Amino acid sequence: FFFSSRRRHTRSASVSWARRCGQETGVHGIYQILGMEKNEEMQDQAEEQQIEEPVAQQEEMKGGEKGQSGEPDLQSFIDILLEHQHNCEEQGKYVEAEVAKNRIAELRQQQDLKQIEDVKSRHLSMKLDVEQAHLEEFNGFNKVWDDKMKDFEEKAKMEQSIIETKHKEKFEESTAALQSKLAEKAKPSAEILNLKKIQVNLAKQKDYTEAHQIQAKVQQLEEEEQKRWEEDRQQKISYAQTQLMKKHAMEIKAFQKKVQSRIDSMKKQRAVELEQLLQKYQNMKKDLEAQQNLEIKKLKKRPTTASNSSVYSSKYLSLIHI
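The model shown is predicted, which means the values in this text are computed figures rather than measured ones.

### Regarding the side chain of Gln 85
So, point 1. Looking at the element boundaries, Gln 85 is found in helix H5 (residues 74–91).
So, point 2. For Gln 85, a relative accessible area of 19% puts it in the buried group.
So, point 3. In contact with Gln 85, other than residues within four places in its own chain, are Ala 97, Ala 100, Lys 101 and Ile 104.

Encoded structure:
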């Protein structure tokens with residue numbers, strides 16, 4: 001049935017608001033809200049009131065019991081029953097007034113329960129919004145730090161590559177300078193120089209056989225000394241290269257240690273900020289739950305008369321059915 005939610009604030013008029021609602025909705029509608037079966041006297045009164053009630057209005061009442069949202073308009077029912085209760089009180093119909101009062105209490109209890117469910121639904125939506133916001137912030141936090149760490153590592157690799165390139169160039173320059181400094185050909189020893197003088201003197205004395213023997217010995221000594229010189233020269237170059245490589249390796253190791261120290265520091269900073277982010281979420285969640293629990297608690301503690309009159313008295317029901 002359709003119930004108008006408008007209330008009349010003046011009761012001095014010849015036709016009260018409740019009476020007008022009764023005419024609009026019909027007595028059947030009032031008693032359907034009350035959950036009562038009409039006795040013969042009520043049936044007669046209903047038939048008298050419905051003589052002039054249009055058929056179209058009856059059809060409208062059948063589909064009007066729910067609001068536009070499809071849910072029962074409990075407040076409209078309550079408003080109608082309040083006026084009906086007052087009307088019955090003035091007419092001395094205390095049994096019907098008691099039934100109306102109990103029904104009002106039930107509807108108010110339903111209204112309170114619905115309000116609590118609506119609040120819980122809103123609370124759940126708020127929690128989901130907070131969780132979604134936290135997830136987005138968490139993902140954004142990780143992305144920022146991942147990009148920051150990746151950027152730093154790429155820059156460190158690039159800087160290390162530059163250092164290694166410089167080391168390579170330095171190595172090549174140092175090797176070339178050392179090779180240039182150390183002559184490829186061995187310096188003749190005193191023995192070779194003395195034998196060469198003897199060789200020349202023998203040649204001047206026309207002693208070619210002896211001069212040839214000395215010449216062969218000189219060549220053998222030069223070959224031996226050249227071989228020793230080349231080995232010694234290569235050892236000097238290798239030693240210098242090894243020392244330079246060790247120096248470069250120590251520089252690279254120091255650089256990598258510096259980079260790793262920076263990475264460890266960034267990881268610690270990230271962990272601290274993550275802990276702060278999670279703690280902020282926990283605090284926000286805790287505060288929200290506390291506020292929501294307090295709101296629900298206040299709603300549940302709100303005074304209601306439903307607990308005192310939620311069940312019809314068997315005495316009144318027996319009187320109604322007489």
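On we go.
### Concerning the nonpolar core
So, point 1. Within the largest apolar cluster, nine residues are counted, these being Phe 141, Trp 145, Met 149, Ala 156, Phe 255, Val 259, Ile 263, Met 266 and Leu 277.
So, point 2. Secondary structure elements with two or more residues in this core: helix H6 (94–181) and helix H8 (208–301).
So, point 3. For this core, the leading source of residues is H8, giving five residues.
So, point 4. Once residues within four sequence positions are removed from consideration, Trp 145 is found in contact with Met 266, Gln 269, Arg 270 and Glu 273.

### Some words on the confidence of the model for the protein chain
So, point 1. For the protein chain, mean pLDDT is 77; residues scoring 70 or higher make up 71% of the total.
So, point 2. Confidence drops under pLDDT 50 across residues 1–27; counting only partners more than four residues distant or on other chains, this segment forms 61 contacts.
So, point 3. Taken together, the stretch residues 305–322 has pLDDT below 50 and engages in 25 contacts with residues farther than four places along the chain or on a different chain.

### Quick notes on H5
So, point 1. With 18 residues, H5 should reach 26 Å at 1.5 Å per residue; the first-to-last C-alpha distance of 25 Å fits that figure.
So, point 2. Listing the buried residues of H5 in full gives Leu 74, Ser 76, Phe 77, Ile 78, Asp 79, Ile 80, Leu 81, Glu 83, His 84, Gln 85, Asn 87 and Cys 88.
So, point 3. Where H5 ends, the next residue or the one after it, Gly 92, has phi of about 80 degrees, a positive value.

### A short note on helix H7 (residues 190–204)
So, point 1. A rise of 1.5 Å per residue sets the reference length of H7, with its 15 residues, at 21 Å; its end C-alpha atoms lie 21 Å apart and thus fit the reference within 8%.
So, point 2. Close packing links the buried residues of H7 with H8.
So, point 3. Lys 206 sits one or two residues past H7 and shows a positive phi near 65 degrees.

### Focus on the environment of Ala 216
So, point 1. Checked against the element boundaries, Ala 216 lands in helix H8.
So, point 2. Taking the relative accessible area as the measure of exposure, Ala 216 reaches 37% and is therefore partly exposed.

### With respect to unusual backbone geometry
Trans is the prevailing form of peptide bonds, just as negative phi is the prevailing case for residues other than glycine.
So, point 1. We note that Lys 206 has phi near 65 degrees; this positive angle belongs to a residue other than glycine.
So, point 2. Topologically, Lys 206 is positioned in the loop between H7 and H8.
So, point 3. For Lys 206, a relative accessible area of 59% gives the class exposed.

Conventions used here
Residues numbered from 1 in each chain as written. Predicted model: local features only at pLDDT ≥ 70, side-chain atom pairs only at ≥ 80, totals over all residues. Heavy atoms only, no water. Helix = DSSP H or I, 4+ residues; strand = E, 2+ residues; numbered from the N terminus. Buried < 20%, exposed > 50% of the residue type's maximum accessible area, 1.4 Å probe, protein only. Contact = heavy atoms within 4.5 Å. Core = buried A, V, L, I, M, F, W, Y, C linked by side-chain atoms within 4.5 Å. pLDDT = per-residue confidence, 0-100. Expected span 1.5 Å × (residues − 1).

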